[in-house]
Amino acid sequence: GGETVIPGFVTIQIGPLEDQAVATFVENWCRALHGAGAKATAHQAELMDAIGSKAEIEEMARNPVMLTALAVLHWNRKRLPDQRSELYQSVLEWLAAAREEKRTTPAKQCLDLMQHLAYTMHTDPKGKQAEVTRFAAARILAPRFRGLPEDQQHAAATSFLNEEEIDSGILVSRGDTLRFWHLTFQEYLAAAALASRDADRPRLLFDEGKLYLPEWRETVLLLAGILCSQGQERIDAFLAKILDGLGSDAPLTARARAVGLIGRILQDLQSWNYHIADPRYRENMDGMIEIFDAKTVREIDVQARLDAAEALGQAGDPRLEKEDWVRVGGGTFWMGAQNSDPKGRNYDSEASVFESPVHQVGVSPFFIGRYPVTVFEYDRFIAAGGYGDEKFWEGGGYGEFAEPGHWQQQLRYPNRPVVEVSWYEAAAYCAWAEGRLPTEAEWECAARGGREGVRYPWGNEEPDQFRANYEGGPGQPTPVGMYPEGATPQGIRDLAGNVYEWAADWYSRYSEAAAWDPRGAQDGDEKVIRGGSWDLIAVLLRVSNHYHFGPRYRRNDRGFRCVRDIPSP
């Protein structure tokens, strides 16, 4: 009824739903429809399969109202649309039509008016607006009621806005301001309006440069989906227009930006089996390997470099087509760190008690993967039947898992490190790849790179956006090797940040005694992890920092890399 706060009620903001919460919602939803019994169980299985069928749908389902909309769409259609733009269109059509019999504005007219409002807010001269006053919104829509006398149009627009806030819920109010219930509703509706305005589209996106603005990114992606649904020639022309801006002498930063955007668009259009035919995309893609070069990393905006790296992963990252091992010479070194004696070995004021005592360790030469194991590589293990072959699971865990967590979503990013794998899965992969997990001593030996007392794999300089993926960065795992300035002198990358890495050892406190090729405790409850991750602070990226978790533990910041023994001469 327009009340922002209802007396006697507490307002709670519901955050993104976890997997179990989504499953609980679906179970309760199906019981409400069918009661307890086989029919509810069957419907529950069908709906969960539909939600899990696409990574994009899984992401949408974490929003409570979007999950409700998905459940209704599935009930009415017995399926969910495959593509994001089609999905948003379906959700909005359902919201607009849900109470059509009780109001004066037909659903189609409602969506047309919403499109115009969203487009106007999106293209405001002061920049994209997320909310607008009720009076201003009515002024925007008033000319659309041209069938009424001019002095009645504003009142009609105001009446429509009041009606729609209650009936469809597409718009919500906060005091005297209106906004779209979900920002993506505004972005989709603006994209739909833009798709029908062939004259305005080139001016806004290309002439005025909105194509690459972060606040326009989602609108551009949804626009591409709408154009694709209208015909292949429409999306072909749009992508060709993006590539037209790249001459033969275009700088790497411009090429990376264009390739990254097109790559994201192509990823969105996978469900429609769209493939770009313009050869210029492949030609520009071939040069993207340069974005992993330390000489160019500071030339390109971080987001543009990330987008280009993701696009390269989708198109086929050539770095992953071959094995890439780095030889570590081994020898003796001082392992661990201490914070009690500033003049002592490996002094570090931020070292924890678990990193001491500093002790001398020797390791034999070995090979280590240049990068953490990627989704692309792990997928080959699954395809080869690795989960079903017990010989690879001597470390335990056989039969407990079928694939990594959120695997369908991970498959969208082939050159990212595989995550949500337990220690057992990591060890099984390494056995299949004719290697093993590194011991904790081998991992630290590789990270120190033959230098005594260094804090990080690259040296003693503090982490930054060119050296590591950690707290304050992209907020997710990134394609391997994206931080070339963070490599060791031997060229091993991503040892600090991006994802924690499982080590072979059971966790135990260090001993002062010197040891050669130590393997850690014989047994225990938890395995060692090393290297820090994308969601951790800088101090946890230090080469001496270590932590530990149970071997069945899985999380989206846990990965691993392999080592191989070098046979004695």
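Before any of the text, the structure's been laid out above.
Residues numbered from 1 in each chain as written. Predicted model: local features only at pLDDT ≥ 70, side-chain atom pairs only at ≥ 80, totals over all residues. Heavy atoms only, no water.

Peer 1: Go over the overall build of the protein chain with me, naming the residues and quoting the values.
Peer 2: When helices and strands are counted, the protein chain shows 19 helices and 13 strands. Split into buried and exposed, the 569 residues of the protein chain put 52% on the buried side. Residue pairs at least 24 apart in sequence account for 70% of intrachain contacts in the protein chain once pairs closer than 6 positions are excluded. Side-chain charges in the protein chain split into 62 positive and 83 negative, and the spacing between the mean points of these groups amounts to 2 Å. (Helix = DSSP H or I, 4+ residues; strand = E, 2+ residues; numbered from the N terminus. Buried < 20%, exposed > 50% of the residue type's maximum accessible area, 1.4 Å probe, protein only. Contact = heavy atoms within 4.5 Å. Lys, Arg positive; Asp, Glu negative; His and termini not counted. Charge placed at Lys NZ, Arg CZ, Asp CG, Glu CD.)

Peer 1: Could you give an account of the sheet that holds strand β9 (residues 515-516), with specific residues and numbers?
Peer 2: In spatial order, the strands read β5-β6-β9; together these three strands make up an open sheet with mixed pairing. Only two strands of the sheet have a single partner each, and these edge strands are β5 (331-335) and β9. Here β5 runs beside strand β6 (residues 359-363); their pairing, made up of five bridges, is antiparallel. By the bridge assignment, W334 is partnered in β6 with Q360. Along the sheet face, helix α19 (residues 440-448) touches β5 and β6 and points at about 90° away from the line of β5. (Pairing = 2+ DSSP bridges. Axes fitted to C-alpha atoms, helices over the stretch in contact; angles between N-to-C directions.)

Peer 1: How would you summarise a nonpolar patch on the surface if you had to cite specific residues and measurements?
Peer 2: On the surface, V10, I12 and I14 cluster together into a nonpolar patch covering about 360 Å² of accessible area. Within the secondary structure, V10 sits in the segment before α1 (19-34). (Patch = residues over 30% accessible without salt bridge, like charges linked within 9 Å, V, L, I, M, F, W, Y side chains within 5 Å. Areas by Shrake-Rupley, 256 points an atom, 1.4 Å probe, with all protein chains shown as cover. Salt bridge = Lys/Arg side-chain N within 4 Å of Asp/Glu carboxyl O.)

Peer 1: Please provide a residue-by-residue account of the packing of aromatic side chains, values included.
Peer 2: Summed over all chains, the structure comprises 20 aromatic pairs. Ring geometry for Y378 against Y429: centres 5.6 Å apart, planes inclined by 15°, an arrangement best described as stacked. Of this pair, Y378 sits in helix α16 (residues 375-383) while Y429 is found in helix α18 (residues 423-432), placing the two residues 51 residues apart along the sequence. Using a relative accessible area of 0% as the deciding quantity, one classes Y378 as buried. (Phe/Tyr/Trp six-rings, centres within 6.5 Å; stacked < 30°, edge-to-face > 60°.)

Peer 1: Outline the sheet that holds strand β2 (residues 171-174), listing residues and values.
Peer 2: Sheet architecture is open: three strands sit in the order β1-β3-β2, paired in antiparallel fashion. Every other strand in the sheet has two partners, leaving β1 (132-133) and β2 as the edge strands with one partner each. As paired strands, β1 and strand β3 (residues 177-180) are joined by two bridges and run antiparallel to one another. What sits directly across from V132, in β3, is L178. Against the sheet, helix α8 (residues 150-167) contacts β2 and β3, and its axis sits at roughly 100° relative to β2.

Interpretation in functional terms is not warranted from these geometric data alone.
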